[in-house]
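Below are the chains, spelled out letter by letter.
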Amino acid sequence: MDRAAAFPGQWIVQEIYCLSRARDVDRNQKAIEMTPIPPVLWQYIQGLRAHDLAMIAATIANEAEIVLPTRKLTKSGFLAFLSALYAAFPDWNYRHDAPESRGPDQFAVKWYQSGTHTAALDLPELARVAATGKLIRIPEQFFFYRVVADQLIEIRPDAIPGGAPWGILEQLGVAHQ
């Protein structure tokens, strides 16, 4: 599929960003070629912003792990979490800085997330949380991604105080595991 057709405007941003960051210098002052941001990561970002679970699912390998500070989620567990999040926070908003290459198959995105809790939050293993009307804001937070064979095989949010996903529950006054 043509990149321009799949992600209108994104390829221009991606190419400009990659060209502007085409070289980095390590401690030994050797030039290191930067890895371009793969289209699957742009598709994942677009899926999150559109709340499109099918698009998100298409970017994640079946064996992928979502690595949280206290546990790991499978692909299906992660998609169930997002489904519940989008139902409870229909206005959940994702903003982000330009993705960064962190190695041959490693990438990072700094996210800014927020939304208003206007419907019940139904998550497995937790009691149902009735709508509170609270505006939830997650502090800026890096998420780290591994891409292999054009699929995300690992998603790892930076473990920061108040960060996603636990920061959502904390702001709602819900204990988590």
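Because the structure is a prediction, the values reported are computed rather than measured.

**Student:** So what about empty space enclosed by the protein? Which residues, and what values?
**Tutor:** Using the criterion set out here, one finds two cavities of 30 Å³ or more in the structure. The computed volume of the largest cavity comes to approximately 200 Å³. Only α3 (39-50), α5 (75-88), β7 (106-116), β8 (135-148) and β9 (151-157) provide two or more residues apiece to the lining of the largest cavity. No other element matches the four residues that α5 contributes to the lining of the largest cavity. Residue composition of the lining of the largest cavity, grouped by class: 18 nonpolar, one polar and no charged.

**Student:** So what's going on with the confidence of the model for the chain? Residues and values would help.
**Tutor:** Model confidence for the chain is summarised by a mean pLDDT of 86, while 80% of its residues fall at 70 or above. Below a pLDDT of 50 lies the segment residues 10-33, which in the model reaches 27 contacts outside its immediate sequence neighbourhood of four places, other chains included.

**Student:** Any details on unusual backbone geometry? Residues and values, ideally.
**Tutor:** Of the consecutive residues Ala164 and Pro165, the connecting peptide bond is found in the cis state with omega at -5 degrees. If you trace the backbone, Pro165 turns up in the loop between β9 and α6 (166-171). In the Ramachandran plot, Ala149 falls in the positive-phi region, its phi being about 50 degrees despite a non-glycine side chain. Tracing the backbone through its elements, the reader meets Ala149 in the loop between β8 and β9. For Asp150, which is not glycine, the phi dihedral falls at a positive 60 degrees. Mapped onto the secondary structure, Asp150 falls in the loop between β8 and β9.

**Student:** Tell me about the packing of aromatic side chains, and please be specific about residues and values.
**Tutor:** Scanning all chains against the criterion turns up five aromatic pairs. Here the aromatic rings of Tyr86 and Tyr94 are separated by 6.3 Å at their centres, their planes lie at 85 degrees, and the arrangement is edge-to-face. With relative accessibility at 9%, the residue Tyr86 sits in the buried group. Judged by relative accessible area, Tyr94 falls into the buried class, the value being 7%. Aromatic pair Phe89 and Trp92: ring centres 5.2 Å apart, planes at 75 degrees, arrangement edge-to-face. Judged by relative accessible area, which is 0%, Phe89 ranks as buried. By relative accessible area, which is 3% here, Trp92 ends up buried. An aromatic cluster is present here, built from Tyr86, Tyr94 and Trp111 joined pairwise through their rings. The ring of Phe142 carries the charged tip of Arg102 above its face, separated from the ring centre by 5.1 Å.

**Student:** Go over α3, please, and point to the residues and values.
**Tutor:** Here α3 is twelve residues long and its end C-alpha atoms lie 16 Å apart, about the 16 Å a rise of 1.5 Å per residue gives. Looking at α3, one finds that the buried residues are Val40, Leu41, Trp42, Tyr44, Ile45, Gly47 and Leu48. Where α3 terminates, the next one or two residues include His51, which has phi positive at roughly 55 degrees.

**Student:** Give a detailed account of α5, specifying residues and quantitative values.
**Tutor:** Taking 1.5 Å per residue, 14 residues should reach 20 Å; α5 reaches 20 Å between its end C-alpha atoms and fits that length. If you check which residues of α5 are buried, you get Lys75, Phe78, Leu79, Phe81, Leu82, Ala84, Leu85, Tyr86 and Ala88.

**Student:** Tell me about the side chain of His117, residues and numbers included.
**Tutor:** Topologically, His117 is positioned in the loop between β7 and β8. Using a relative accessible area of 0% as the deciding quantity, one classes His117 as buried. A polar atom in the side chain of His117 sits 2.9 Å from the backbone oxygen of Ala119.

Scoring rules and cut-offs
Residues numbered from 1 in each chain as written. Predicted model: local features only at pLDDT ≥ 70, side-chain atom pairs only at ≥ 80, totals over all residues. Heavy atoms only, no water. 1 Å grid on protein atoms, 1.4 Å probe; cavity = no way out; pocket = protein on both sides within 12 Å on 5 of 7 lines; lining within 4 Å. Points joined across faces, edges and corners; volume = space filled by probe spheres on them. Helix = DSSP H or I, 4+ residues; strand = E, 2+ residues; numbered from the N terminus. Nonpolar A, V, L, I, M, F, W, Y, C, P; charged D, E, K, R; others polar. pLDDT = per-residue confidence, 0-100. Contact = heavy atoms within 4.5 Å. Phe/Tyr/Trp six-rings, centres within 6.5 Å; stacked < 30°, edge-to-face > 60°. Buried < 20%, exposed > 50% of the residue type's maximum accessible area, 1.4 Å probe, protein only. Lys NZ or Arg CZ within 6 Å of the ring centre and 35° of its normal. Expected span 1.5 Å × (residues − 1). Polar contact = N/O pair within 3.5 Å; in protein donor to acceptor, adjacent residues only side chain to side chain.

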